[in-house]
Amino acid sequence: MEEKKLITGGEFLVKETSPDDIFIPEELDEEQRMIGESCKDFLETEVFPVVDRIDAQEEGLMRSLLEKSGELGLLGITIPEEYDGFGQNFITAMYSSEVLGAGYSYAVAYSCHTGIGTLPILYYGNEEQRAKYVSKLATGELIGAYCLTEPGAGSDANSGTTKAVLSEDGKHYIVNGAKMWITNAGFADVFTVFAKIDNDRVLSAFILERDYEGITFNPEEKKLGIKGSSTRQVFFNDVKVPVENMLGKRGEGFRIALNILHMGRIKLGANVIGSAKKAIDQSVQYANERKQFNCLISQFGAIKHKLAEQVIQTFATECSVYRASKALDNAITHSVANGDDKGRDTMEAFNQFAVEAAAMKVFGSEALDYVVDEGVQIHGGMGYSAEMFIDKGYRDSRINRIFEGTNEINRLLLVDSVLKKGAKKVLPVMELAEKAFEEVKAMNGIPAPAEGWIEEKDQYVANQKKVVLMLLKAASEKFNRTLVTEQEILSNISDCIIQVYVAESVVLRLKKMEAMKGEEACKIYRDMADVFVYDAAARIAKFARDATYSFAYGEVRDLLEKGINNFTWVAGVNVKEARRRIADQLIDENKYCF
Amino acid sequence: MRILICISNVPDTTTKVKFSTDNTSFDDGGVQWIINPWDELALTRAMELKEDASNPVSNVTVVTVGSPAAEPTLRKALAIGADDAIRVDAVSTDAHFVASQLAAVAANGDFGVVLCGIESSDYNGSAVGGMISEIMGIPSVSAVSEFKFDGGEVVLSRDIDGGKEEVSVPAPFVAIVQKGIAKEPRIAAMRGIMMARKKPLQVVPAADAESFTAYQAFAMPEPKAPCKMVDADNVKELVNLLQNEAKVL
Ligand SMILES: Cc1cc2nc3c(=O)[nH]c(=O)nc-3n(C[C@H](O)[C@H](O)[C@H](O)COP(=O)(O)OP(=O)(O)OC[C@H]3O[C@@H](n4cnc5c(N)ncnc54)[C@H](O)[C@@H]3O)c2cc1C
Ligand SMILES: Cc1cc2nc3c(=O)[nH]c(=O)nc-3n(C[C@H](O)[C@H](O)[C@H](O)COP(=O)(O)OP(=O)(O)OC[C@H]3O[C@@H](n4cnc5c(N)ncnc54)[C@H](O)[C@@H]3O)c2cc1C
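Predicted model, so just to flag it, every value in this text is computed and none were measured.

## Here's the deal with the overall build of chain A
A tally of helices and strands in chain A yields 21 helices and ten strands. In summary, chain A has a C-alpha radius of gyration of 24 Å against a globular reference of 25 Å for 594 residues, a match within 12%. With the principal axes as the frame, chain A shows a C-alpha extent of 75 × 60 × 45 Å. Within the span of chain A, comprising 594 residues, buried residues form 61% of the whole. Sequence-distant contacts, at least 24 apart, represent 78% of the contacts inside chain A between residues at least 6 apart. Surface summary for chain A: the accessible area is close to 23,600 Å², and the carbon and sulfur share equals 50%. Within chain A, the 90 negative side-chain charges are centred at a point lying 4 Å from the centre of the 71 positive side-chain charges.

Next up, the structure:
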């Protein structure tokens, strides 16, 4: 039974998902909520009151905050109990990341430490390495950092030139090189460093300790946002690293780096939800205070539109992120149960979900950018002032499109993963695409809408997937091996896939919520789904047309055009009224309440 | 010495208060419940006292009068550090009823100290603590802002106008605490949260007790009228409004 139900990464494109197989925040249990409350309390009592001092990088402050988080156990939420953690599942990790995500620069330091700073050692370390480092990382006694990027190797991370050479006595690797943009570098104790051994073409990973001789740091980078997070260049000058500090096997570094990034990406999706909710609270509270033309600005339709759209984008991110988290949680459990190396098996599960992780990273970071941008706009001139917090949210948001793999790289990686899974027959992409083409050939006009609100939404999403599949097939056949160079087209397809995934996630959440609470209690959520699916259809149509007209000719083009017209059709929605209802509820509650 | 802390389960202070359509009861839909802030401080102080081995505190129990919906709040108190919890299974109807329940629990458990908050942040009755002491026939000290032990003896401080007053009191007694009793409430740590599910939470039936009062209706404050802008040089209009609309001239 278990076996059959397990969802695999990317599968959403070729299969329907049952609402039973997703997780929605309404299902958080009492303990998870309590963990969330502790995270929130921590931000409110320890972080927000000193945000300006954090941004000024007051000596020792960020480190002490991380240590305090450690004392509360917040650094060890998902670390196994044998390493002084609390062994919570991935959903709990995501939920705490969401709540703490509102913590500006602190959130970045926290995510870096608990994610890329700790997990390479937990998942790829041998027993001695785990015993030596993981407990201390989980309690905050040690702080971690992750050194992949180099001045000459950013997106092309495998092109790094940091070198590791075995010493004559065979006891050490001598590491030389430079790393750039290293978060937490100012105070971290333990660095996972990627370097090439001798003339290897691929990276290996090493654990370096701060006090090894030959490690030096540049001063803090001056940044656009997350000014309170420590970001420095790190230099390695004949650093003697004990051979037992190699992480994983020789040449395994790139795989480690990538898998850790898959995990980081989906977590970023959770982080942005917390930031977005905070920015929405600030926006609506300002709009409920500020009067112009003798009227609260929250009463203006143009402002309501913004408030509602902030909510919709955030809600949609939340639907998708928790859906993916549950699939991942199941995949991790399954992978660990069927393997013999808990760490590697866990990471394999993340690798499986590269498509969803990239989708969440891209959609979430862009949703947050929308939310904070409109947040500034709602504040008018005060939004441009450093007096209010919204400007900080605006600046801090921007990094999310750059790190953990830029959004461009993630868009490309996303389609690439789908195509590979198709080629390997893991996903029947081409077969279903063929069917979709056949269906289009036989079509006579727009398909009749299904009866019922939910059924109609299901139909739209199912049809939108057909557009994606048709594009994948047509583009693959047209370009074959050179498709990789057609980045504009690949990005278009990627955007279609992201929109479909999110739209479907919103509909699935609705189904599950309505089953739990009844239709009446979920009316406002239907508004959100109505608007989102309607908008997604238009976006998919536009991306799909852009792709189509960029490469297709003759019959293929005609079929794609017809497919797009018919499969992205949705019934009209009174988006003005729907958004007003959403905004009114937000305005009434004066905080994010969905 | 065993300490009993009375915990009132109250709506989060940012809750938007709504009432039922006939205005006779509070609409608790969508409300986030928390430990009454003063009770949370009392709990924090009790934990501090217990953690210092030089103090004679052996056990901290939390109690609430409420429905099963109040249990998450009790478990939060357990996560913060209380040793065990009691829920008196009853809907709290008025201060006398609640105080009677709490007095019954206190009398049953050999508690040296009963801690109450100075008021509950929802109904602001400021009545329960005093009533408990009256029902039990034991002393009570109100507005306590400091609680310490001096050689095994309890010393309480109360804020009075322009200064402080130190009080000694024989156990058992009721201390009604206010701000200052502890600096900041504690955040429930992960370890505490994990332990909370294993700590005892006992549900006891309500004792017979009368309610002396009943709410007739709630009313929201009148919404403020929107302000009117009058042009600086339109003095006539201003005078007119002040005379005829605001009726202050
Ligand atoms: C504040 C901050 C913190 C960071 N923290 C860390 C950290 O802790 N550890 C760490 O290892 N790294 C960290 N990074 C580095 C970060 O991951 C990189 O900046 C990121 O991967 C992009 O690399 P780059 O800056 O070299 O940009 P480039 O790779 O030079 O990219 C420049 C532009 O070109 C685009 N581009 C590049 N290649 C392609 C391609 N093949 N196709 C299409 N477009 C392409 C990119 O999308 C981007 O728009 C951090 C960066 C910042 C700014
Ligand atoms: C959901 C709900 C429904 C209610 N419905 C009614 C109703 O229908 N009719 C009505 O008359 N009243 C009702 N009440 C109010 C109820 O009577 C009050 O909670 C009670 O009177 C005590 O409140 P107070 O403000 O008088 O407490 P205060 O005297 O201000 O509280 C002081 C301290 O007493 C302790 N304390 C107070 N209440 C409790 C408690 N329940 N359990 C443990 N310790 C406590 C705490 O330590 C608190 O800090 C309701 C309350 C709630 C929460």
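Still to come is the rest of the account.
## Re the interface of chain B and chain A
The partner chain A presents 20 residues to the 20 residues of chain B that form the contact. Both sides of the chain B and chain A interface together cover about 1,900 Å² of buried area, and 55% of this is carbon and sulfur. For A:Glu30, the salt bridge goes to B:Arg75, with nearest N and O atoms at 2.6 Å. The interface formed by chain B and chain A includes six residue pairs in polar contact (both at pLDDT 80 or more). Elements with a contribution of two residues or more to the side of chain B that touches chain A: helix H2 (71-80) and helix H5 (190-196) of chain B.

## Describing the site of ligand 1
All names here are of chain A. Taken together, 19 residues lie near ligand 1, and Thr 149, Ser 155, Trp 181, Thr 406 and Glu 408 sit nearest. Glu 408 is positioned such that a nitrogen or oxygen atom in its side chain is 2.6 Å from an oxygen atom of ligand 1. At 2.9 Å from a nitrogen atom of ligand 1 is found a side-chain nitrogen or oxygen belonging to Gln 487. Against a free-state accessible area of 970 Å², the protein chains account for coverage of 68% of ligand 1. Where the shell around ligand 1 is concerned, the elements lending two or more residues are strand E3 (172-183) and helix H15 (407-423). Taken together, domain 2 (146-247) and domain 3 (253-408) each give at least three residues to the shell around ligand 1, which thus spans both.

## What to know about the site of ligand 2
Residue and element names in this part refer to chain B. For ligand 2, the set of nearby residues contains 26 residues, the closest of which are Asp 39, Thr 93, Ser 120, Gly 125 and Ala 127. One of the backbone nitrogen or oxygen atoms of Thr 93 is found 2.2 Å away from an oxygen atom of ligand 2. Within the complex, 86% of the 920 Å² of free accessible area of ligand 2 lies under protein. Only strand E4 (59-66), helix H3 (95-108) and strand E6 (113-117) provide two or more residues apiece to the shell around ligand 2. Looking at the shell around ligand 2, its residues break down into twelve nonpolar, ten polar and four charged.

## What about unusual backbone geometry?
The step from B:Ala171 to B:Pro172 runs through a cis peptide bond, and the omega angle for that step is -5 degrees. Secondary-structure assignment places B:Pro172 in the loop between strand E9 (163-168) and strand E10 (173-177).

## Things to note about the domain arrangement of chain A
Residues and elements named next belong to chain A. Examined at the domain level, chain A breaks down into domain 1 (11-143), domain 2 (146-247), domain 3 (253-408) and domain 4 (428-589). Placing a centre on the C-alpha atoms of domain 3 and another on those of domain 4 gives a separation of 22 Å. Taken together, the contact pairs 26 residues of domain 3 with 22 residues of domain 4. Here domain 3 packs against domain 4, burying approximately 2,300 Å² in sum over the two surfaces, 72% of which is carbon and sulfur. On the surface where domain 3 and domain 4 come into contact, there are four salt bridges. Among the salt bridges present, the one from Asp 584 reaches Lys 304, with a minimum N-O distance of 2.8 Å. Linking domain 3 with domain 4 are seven residue pairs in polar contact (both at pLDDT 80 or more). Ranked by residues supplied to the side of domain 3 that touches domain 4, first place goes to helix H10 (residues 301-337) with 16 residues. The residue makeup of the side of domain 3 that touches domain 4, split by class, is 14 nonpolar, seven polar and five charged.

## Side note on the packing of helix H17 (residues 453-479) of chain A against helix H20 (residues 554-567) of chain A
Residue and element names in this part refer to chain A. At a minimum axis separation of 9 Å, H17 and H20 run at an interaxial angle of 165 degrees. When the axis of H17 is compared with that of H20, the two are roughly antiparallel. Like other packed secondary-structure pairs, H17 and H20 cross with a definite hand, here left-handed. The residues of H20 that touch H17, namely those facing Tyr 460, Asn 463, Gln 464, Lys 466, Val 467, Met 470, Leu 471 and Ala 474, are Val 556, Leu 559, Leu 560, Gly 563, Ile 564 and Phe 567. A breakdown of the residues in the contact of H17 with H20 according to their chemical character gives ten nonpolar, three polar and one charged.

## Some remarks on the pattern of salt bridges
Residues and elements named next belong to chain A. Throughout the structure, instances matching the rule amount to 58 salt bridges over all chains. We note a salt bridge from Glu 366 to Arg 411, for which the minimum N-O separation is 2.9 Å. Here Glu 366 is found in helix H12 (residues 354-378), whereas its partner Arg 411 is found in helix H15, with 45 residues between them in sequence. Overall, the relative accessible area of 28% leaves Glu 366 in the partly exposed class. Of the residues examined, Arg 411 reaches a relative accessible area of 12% and is grouped as buried.

## A few points about the packing of aromatic side chains
Residue and element names in this part refer to chain A. Under the defined criterion, the tally for this structure stands at 19 aromatic pairs over all chains. When the centroid spacing of 5.9 Å and the interplanar angle of 40 degrees are considered together, the rings of Phe 191 and Phe 217 count as tilted. Placement of the pair is Phe 191 in strand E4 (residues 190-197) and Phe 217 in strand E6 (residues 215-217), with a sequence separation of 26 residues. A relative accessible area of 1% places Phe 191 in the buried class. By relative accessible area, Phe 217 is classed as partly exposed at 22%. A centroid spacing of 6.5 Å and a plane angle of 85 degrees characterise the contact between Tyr 525 and Phe 594, whose relative ring orientation is edge-to-face. Within this pair, whereas Tyr 525 is found in helix H19 (residues 523-551), its partner Phe 594 is found in the segment after helix H21 (575-589), the two being separated by 69 residues in sequence. Across this residue pair, the class does not change: Tyr 525 and Phe 594 are buried. Across from the ring centre of Phe 532, 5.4 Å away, lies the NZ or CZ of Arg 539, which sits over that ring.

Cut-offs used in this document
Residues numbered from 1 in each chain as written. Chains lettered and ligands numbered in written order. Predicted model: local features only at pLDDT ≥ 70, side-chain atom pairs only at ≥ 80, totals over all residues. Heavy atoms only, no water. Helix = DSSP H or I, 4+ residues; strand = E, 2+ residues; numbered from the N terminus. Rg over C-alpha atoms; globule rule 2.2 N^0.38 Å. Buried < 20%, exposed > 50% of the residue type's maximum accessible area, 1.4 Å probe, protein only. Contact = heavy atoms within 4.5 Å. Areas by Shrake-Rupley, 256 points an atom, 1.4 Å probe, with all protein chains shown as cover. Lys, Arg positive; Asp, Glu negative; His and termini not counted. Charge placed at Lys NZ, Arg CZ, Asp CG, Glu CD. Buried area = accessible area lost by both parts, 1.4 Å probe. Salt bridge = Lys/Arg side-chain N within 4 Å of Asp/Glu carboxyl O. Polar contact = N/O pair within 3.5 Å; in protein donor to acceptor, adjacent residues only side chain to side chain. Near = heavy atom within 4 Å. Domains from an automatic or database assignment. Nonpolar A, V, L, I, M, F, W, Y, C, P; charged D, E, K, R; others polar. Axes fitted to C-alpha atoms, helices over the stretch in contact; angles between N-to-C directions. Parallel < 35°, antiparallel > 145°, perpendicular 65-115°, else oblique. Left-handed = near helix turned anticlockwise from the far one by under 90°. Phe/Tyr/Trp six-rings, centres within 6.5 Å; stacked < 30°, edge-to-face > 60°. Lys NZ or Arg CZ within 6 Å of the ring centre and 35° of its normal.

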